Amino acid sequence: MQYPKISLLLILFSSVAFSQTYKTSLTALPGKEFPKIDAQRKAEFQVYFPDAKSVNLEGGDGMQSIQSSVSKGKNGFWNVSTSAMDIGFHYYWFNVDGQRTNDPNTQLYFGYGQPTSGIEVPSGEDFFFEKNVKHGKIVNDSLHSKITHGNRNFKVYLPPGYGSRKFPVLYLYHGTGEDSTGWEKQGYIVNILDNLFAEKMAKEMIVVMDYGVALNPDQEKMPDDFPRTVLSSKNLDKIVVGELIPYIEKKYKTTTQKAIAGLSRGSYQAMLIGSSHPEMFSAIGVFSPVIYEGTEREPFKELPIGNLLKSKKKPYFFIGIGEKEDQRFFQFNMELTTFLNKNKYPYSFYKSPETYHEWLTWRRSLYQFTQKIFK
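K.L.:
Give me the lowdown on the packing of aromatic side chains, citing residues and values where you can.
P.N.:
This model, assessed by the stated rule, comprises 27 aromatic pairs. Between tryptophan 183 and phenylalanine 287 the ring centres are 6.2 Å apart and the planes differ by 70 degrees, which places this aromatic pair in the edge-to-face class. Of the two residues, tryptophan 183 is situated in helix α2 (residues 182-185) and phenylalanine 287 in strand β16 (residues 283-287); the sequence distance between them amounts to 104 residues. Accessibility classification places tryptophan 183 together with phenylalanine 287 in one group, the buried group. Cation over ring: arginine 100 sits above tryptophan 93, and NZ or CZ is 3.9 Å from the ring centre. A cation over a ring is seen here: lysine 185 above tyrosine 109, with NZ or CZ 4.8 Å from the ring centre.

K.L.:
Account for helix α5 (residues 265-276), naming residues and giving values.
P.N.:
Between its first and last C-alpha atoms α5 spans 17 Å; for twelve residues at 1.5 Å apiece the expected length is 16 Å, and the two agree. Extensive coverage of α5 is indicated by the burial of eleven of its twelve residues. Of the residues making up α5, those classed as buried are Arg265, Gly266, Ser267, Tyr268, Gln269, Ala270, Met271, Leu272, Ile273, Gly274 and Ser275.

K.L.:
An account of the pairing of strand β15 (residues 254-263) is requested, with residue identities and associated values reported.
P.N.:
In terms of residue burial, β15 counts as a mostly covered element, since seven of its ten residues are buried. After leaving β15, the chain enters α5 and then returns to the sheet as β16, a path that is right-handed.

K.L.:
Please give an account of the pattern of salt bridges that cites residues and values.
P.N.:
A full pass over the atoms with the stated rule returns 14 salt bridges. Note that glutamate 120 and arginine 363 form a salt bridge whose closest N and O atoms lie 2.9 Å from each other. Placement of the pair is glutamate 120 in strand β10 (residues 114-121) and arginine 363 in helix α8 (residues 359-370), with a sequence separation of 243 residues. Given a relative accessible area of 4%, glutamate 120 falls into the buried group. The residue aspartate 224 makes a salt bridge to arginine 228 at a minimum N-O spacing of 3.7 Å. Taking relative accessible area as the criterion, aspartate 224 reaches 66% and is therefore assigned exposed. For arginine 228, a relative accessible area of 15% corresponds to the buried category.

K.L.:
Just give me the short version of the nonpolar core, but keep the residues and values in it.
P.N.:
Membership of the largest hydrophobic core comes to 45 residues, with the highest contact counts inside it found for Tyr171, Val208, Leu244, Ile248, Ile305, Phe317 and Leu336. Breaking this core down by element, the ones donating at least two residues are β12 (150-158), β13 (167-173), β14 (206-209), α4 (226-251), α5, β16, β17 (316-322) and α7 (327-342). Top element by residues in this core is α4. It accounts for seven residues. Once you skip the residues sitting within four places of it in the chain, leucine 244 turns out to touch Leu143, Phe154, Tyr171, Tyr173, Val208, Asp210 and Ile239.

K.L.:
Outline the side chain of serine 232, supporting the account with residue identities and numerical values.
P.N.:
Here serine 232 lies in helix α4. Exposure remark for serine 232: the relative accessible area of 5% places this residue in the buried category. A polar side-chain atom of serine 232 sits 2.8 Å from the main-chain amide nitrogen of alanine 214. Each residue touching serine 232, except ones within four places of it in the same chain, is listed here: Gly212, Val213, Ala214 and Leu215.

Each value, and the rule that gives it
Residues numbered from 1 in each chain as written. Predicted model: local features only at pLDDT ≥ 70, side-chain atom pairs only at ≥ 80, totals over all residues. Heavy atoms only, no water. Phe/Tyr/Trp six-rings, centres within 6.5 Å; stacked < 30°, edge-to-face > 60°. Helix = DSSP H or I, 4+ residues; strand = E, 2+ residues; numbered from the N terminus. Buried < 20%, exposed > 50% of the residue type's maximum accessible area, 1.4 Å probe, protein only. Lys NZ or Arg CZ within 6 Å of the ring centre and 35° of its normal. Expected span 1.5 Å × (residues − 1). Right-handed = clockwise from strand over helix to strand, strands pointing away. Salt bridge = Lys/Arg side-chain N within 4 Å of Asp/Glu carboxyl O. Core = buried A, V, L, I, M, F, W, Y, C linked by side-chain atoms within 4.5 Å. Contact = heavy atoms within 4.5 Å. Polar contact = N/O pair within 3.5 Å; in protein donor to acceptor, adjacent residues only side chain to side chain.

Structure representation (C-alpha cells):
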C-alpha cells in the first residue's frame, strides 16, 4: 500500500511517540514520576544516590529475566532502563555499592522479610482497581494467644453491608517473608471484593487476614527451617480453632459458614487447618501450593490431607497457580492433584496466564476462589 509522504511521516512520528510514552507505576509515591513503564512494558527508574560508585537493579521472581542498563546522570541521579517486563506486581530494590537499598520513589511493601519497593506492570485488567461502588473497610484487631504467649495482630475486612446482617468468614493467609498487610496492600483485597459484591458475582463475606507465624519465645530461637515452619503451622491450627474463630464469632456478626485459604506457605497452612477440621470449613483455597516435609513415600507426611476423604461435608477445594512459577511449585501441585484425582475428590484448578510466584497470581486466584464459596 502506498502512503502519501506527509501521512507516512505522521505514522512514523506517532509510532515513535507511542513507543516513548511512559506511565508512572501505580506504586509510585504521590508526586513522583518514576518508576514508569511504556507501552512495550519497558521500565525506567531514576534514583538519587549521589555518593554511589555502582547501582544495579535487582528483584524478586518476576525480575529475574529482566535486563537493565544503568547510567549516572547529572547531580547524583542514576538512570536505569529495562527490557520488556512481565505483567504484575514485582518486588525490587537496588544494589548500591553492595548494599540492598529501596527506591525512594515508591511505596514500601513488606516482602522478603522487610519493607521493599514494588512496581506494577499493567496487565490490562481492572478487577483490582478501585471503582465507583459501595466500599467495605479493613479494621485492625488483636488477641492474646496462650499458644504463643503474646498478642497477635490481624486485619479484618468488613463488607459494605456489614452491620445489617450476619456474614460467613474467610480466614486468609499470606506467604513467607510477608505479613498480614500483604493482602491489603499488594493484594488489593478491598477493591477485589468490593467490585465482586457490587456485580453480584460473589456472596458478601468477612475476611480475617491473620499473621502466618505462630511461635512462642523459645520456639522462635529454633533454626528457621522447614521443621520450624511445620511446628509454627501446627500452632497456628490450635490458634485458629481454639482462639481466633471463637474471638471472631463473639465480636463480629458472623454465620456458622467458614472457609480458609492462603498463598505459598499460607497454602500449606490452609490445607493443614482445613483438612484437620474438614467439618468446620466449607472451602479450602490453595494459591501456589506448597507442601513441607514430604518424602517420596509419604508426600503428605505432615499434612493430614487424607481427612478430606473421610469427611461428610467434603469441603470445596480450589487450586490456583501462576503459569510461569518455578518447577517446584508445579511439582507440589502435581502431588496434590494426583492424590485428589486418585481418590476421586472434586476440586477446581486455575492457571494464571503469564504470571510468576507473585501477587497478580494470588489476586487472580482470590478473585476466582471467592466467586465459588458460601453459595
